[in-house]
Amino acid sequence: MKLFSYLANKLVILVWIVLGISACDQDQLLPVDDYYRFDKLGQLKMSTPPKLNYFLGVDTESIPLSVTLIENDGESISTPQETVSFYSNNEKLASESFVPNKAGTFNLVGKLAGKTSNTVQLKVWDPATLTIRISVNNRTSSEFSANGADSLKFKVELLSGTEVITGEVPLTLYANNIQFNGSFATTSQGEYTFTARGLGLVSNQVVLKAVAPTSYPIIRLPVIFHEVNRSQLTPARIKALTDGMTNAFRNNYNRLNRTKDENARDLFVEFYPATTGLDGSTLAVAGLDRVVSQKTSFEQEDTYTDSFNSFWDPTHYVNIWVYPNITGAYANSSWAYNPYVTQAMTGFSVLARGVKPFLPFGIFLNGSHLNLQDTEEILAHEAGHLLGLAHVFSGNGSNFNGCPTSDPDYCSDTRYYDRGKYSDNLSSAISERYRRTSCSGESYEANNFMDYYFSYNNSFTLEQLKRVRHAVNYGLWLPVPANGFNNGRLSGVKSLVERPEDLKYYKPVICERP
């Protein structure tokens, strides 16, 4: 009996020891639970997977899921994901991952301690229900030049009905059944059939013809600078400016040594200081006409009238007026006029041959822009206007029109953007100021001469070449062969352009600087 009582007491003690150990274990769990502080949990933030679109038969691996636990005070809580329950379309998942093994839209959330995370939506597509659409996005013609530089860029879209599936899509481009990446250029003439393939699908076909490179005769344009009330221009400076304009139009200009546009082209136009004056005699300083005006400061409209006092025949000279002390709204702007042509082309104004100038057709260089490190770029920009090119955005001066419904410069190979939005959100980082976001959402580096600041200013494109050559061939008031001027050879004595008795004001293309 005593033995039984002794054993019973020992058993009781053993039970208490076991219970104590269990209690100790339980006590150790409590600090862990308190460490995670689920009672202080403010929110769960579901992490977004690397992509949101998946394809049956292609994406077969499980997609890891995770949430971040955030306390009421905003601090993150470190905790194993095993403590979180994950749900897809309100059905609990077996683990911390999602398997894309059936088509549909899946809304994923994580739950813990009575809290529910934000929703992450994934889509799993059945490729058999999809189509691929391909188009060339920098071309209006069915031909391109087989010069190795005329670059084609394609837009490839994966569609579910009319819905475009965005994000990373496993599609590949082909030209005549040969795979290529990105843009396409060739030196081999012939017909090319372009398709996009992927997911077991083949797109529509785009058929384009690579033709022999076009060769253009070089057009040389004599320049006369009308320097008003100043004596800053020297023979060396005039030559440097016209050489810079030539380099820009011959695709040889790159002051900042940045990458040129992939469609950059030689426009086959050169500029040089005029050597012969109106009376046929040799100019004392090539390319220079010093002018005295009774006015000492000028608003933009003042220069319009005043310039007729020194407006040399534009069929024999490119007139560039240099006015000092510009005041008013355009005090920090230079400007130019667009040409009139005798044959129609979209974006040009048409007049019959023989119509006399009724506005001061030429370039107006602000005197404060004469000795800048980028004066050549300013003049190349203004000469672009004179030869039929528009800005690569919709706007004039400091007035901008957002993203238009049609291409504002009529050139399909130049990107255009919302200049007003860019100006309103100008980055404090200088390098970022040279980046643009096109109206189609593409981020790119600005390098076209027909852009505003900040731009690397080193490229004219193929489509711009076509417009310049149209102006050269059909321009009404330009020193070109169509108007009897042949690359520097003058015949007879020329005169000033008479100011029309009923002179009307026509606003030029205003180009503002910062």
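In what follows, the structure referred to is the one given above.
Residues numbered from 1 in each chain as written. Predicted model: local features only at pLDDT ≥ 70, side-chain atom pairs only at ≥ 80, totals over all residues. Heavy atoms only, no water.

Student: Sorry, what's going on with the overall build of the protein here?
Tutor: The helix and strand tally for the protein stands at 6 helices and 33 strands. Here the C-alpha atoms of the protein give a radius of gyration of 35 Å, more than 25% beyond the 24 Å that 2.2 N^0.38 yields for 514 residues. Its C-alpha atoms give the protein principal-axis dimensions of roughly 145 × 55 × 40 Å. Scored against the burial criterion, the 514 residues of the protein give a buried share of 46%. Within the protein, contacts between residues separated by at least 24 positions form 68% of all contacts whose residues are at least 6 apart in sequence. Carbon and sulfur atoms make up 49% of the accessible area of the protein, which totals about 25400 Å². Computing the positive centroid from 45 side-chain charges and the negative centroid from 51, the protein places the two 2 Å apart. (Helix = DSSP H or I, 4+ residues; strand = E, 2+ residues; numbered from the N terminus. Rg over C-alpha atoms; globule rule 2.2 N^0.38 Å. Buried < 20%, exposed > 50% of the residue type's maximum accessible area, 1.4 Å probe, protein only. Contact = heavy atoms within 4.5 Å. Areas by Shrake-Rupley, 256 points an atom, 1.4 Å probe, with all protein chains shown as cover. Lys, Arg positive; Asp, Glu negative; His and termini not counted. Charge placed at Lys NZ, Arg CZ, Asp CG, Glu CD.)

Student: So what exactly am I meant to see when it comes to the sheet that holds strand E12 (residues 131-136) here?
Tutor: Consider a sheet: its strands pair through backbone hydrogen bonds, and that pairing is either parallel or antiparallel. Ordered in space as E12-E14-E15, the 3 strands form an open sheet in which the pairing is antiparallel. Looking along the sheet, the strands with just one partner apiece sit at the ends: E12 and strand E15 (163-165). Between one strand axis and the next, the sheet turns by 45° as a mean value, whatever way the strands run. In this sheet, strand E14 (residues 154-160) lies alongside E12 in antiparallel orientation, the contact comprising 6 bridges. Within E14, the residue paired with Thr131 across the bridge is Leu159. (Pairing = 2+ DSSP bridges. Axes fitted to C-alpha atoms, helices over the stretch in contact; angles between N-to-C directions.)

Student: Even after reading the chapter, I still don't get the pattern of salt bridges, so can you show me in this structure?
Tutor: Pairs may arise between side chains of opposite charge once their charged atoms sit close together. Throughout the structure, instances matching the rule amount to 22 salt bridges. Lys51 is the salt-bridge partner of Asp59, the closest N and O atoms lying 2.8 Å from each other. A residue is classified by how much of its surface remains accessible, and Asp59, at 14% relative accessible area, is buried. Notably, a salt bridge pairs Asp266 with Arg250, separated by 2.8 Å at the nearest N-O pair. One end of the pair, Asp266, is in the loop between helix H2 (235-249) and strand E22 (269-273); the other, Arg250, is in the loop between H2 and E22, with 16 residues separating them in the sequence. (Salt bridge = Lys/Arg side-chain N within 4 Å of Asp/Glu carboxyl O.)

Student: Hey, could you run me through the state of the cysteines in this one?
Tutor: Working definition: the covalent bond between the sulfur atoms of two cysteines is a disulfide. Scanning the entire structure with this criterion turns up 1 disulfide. Here Cys403 is linked by a disulfide to Cys439, with a sulfur-sulfur distance of 2.0 Å. Given an S-S torsion of about -95°, the disulfide between Cys403 and Cys439 has left-handed geometry. A residue pair is termed long-range when its members are at least 10 positions apart, and Cys403 in the loop between strand E30 (399-400) and helix H5 (419-424) and Cys439 in the loop between strand E31 (435-437) and strand E32 (443-445) qualify at 36 residues. Judged by relative accessible area, Cys403 falls into the partly exposed class, the value being 42%. The closest cysteine sulfur to the non-disulfide-bonded Cys411 is located on Cys439, 15 Å from its own sulfur. Note on Cys411: relative accessible area 1%, which makes it buried. Sulfur of Cys511: no disulfide; nearest cysteine sulfur belongs to Cys411 and is 15 Å away. Looking at Cys511, the relative accessible area reads 6%, which means it is buried. (Disulfide = S-S within 2.5 Å.)

Student: Even after reading the chapter, I still don't get the nonpolar core, so can you show me in this structure?
Tutor: Soluble globular proteins tend to pack their nonpolar side chains together in the buried interior. With 72 residues, the main nonpolar core has Phe225, Phe249, Phe271 and Ile320 as its most contacted residues. In this view, Phe271 contacts Leu221, Val223, Thr242, Met245, Thr246, Phe249, Ala383 and Leu387; residues no more than four positions away in its chain are not counted. By size, the runner-up hydrophobic cluster in this structure holds 24 residues, among which are Phe55, Ile134, Leu158 and Val206. (Core = buried A, V, L, I, M, F, W, Y, C linked by side-chain atoms within 4.5 Å.)

Student: Quick question: what am I supposed to make of the pairing of E14 here?
Tutor: On any regular strand, side chains alternate: one points to one face of the sheet, the next to the other face. Note: E14 against E15, 3 bridges, orientation antiparallel. The residue of E15 that forms the bridge with Leu158 is Ile165. The loop that links E14 with its antiparallel partner E15 comprises 2 residues; one of these, Gly161, has a positive phi angle of about 65°.

Student: Quick question: what am I supposed to make of helix H6 (residues 462-474) here?
Tutor: Because an α-helix completes one turn every 3.6 residues, residues spaced three or four positions apart along the sequence face the same direction. Along its 13 residues, H6 runs 18 Å from first to last C-alpha, staying within 8% of the 18 Å computed at 1.5 Å per residue. Among the 13 residues in H6, 10 count as buried, and that is most of the element. Buried within H6 are the following residues: Leu462, Glu463, Gln464, Leu465, Arg467, Val468, Arg469, His470, Ala471 and Val472. Among the structural elements, strand E21 (219-228), E22 and strand E26 (340-341) are those in contact with the buried residues of H6. (Expected span 1.5 Å × (residues − 1).)

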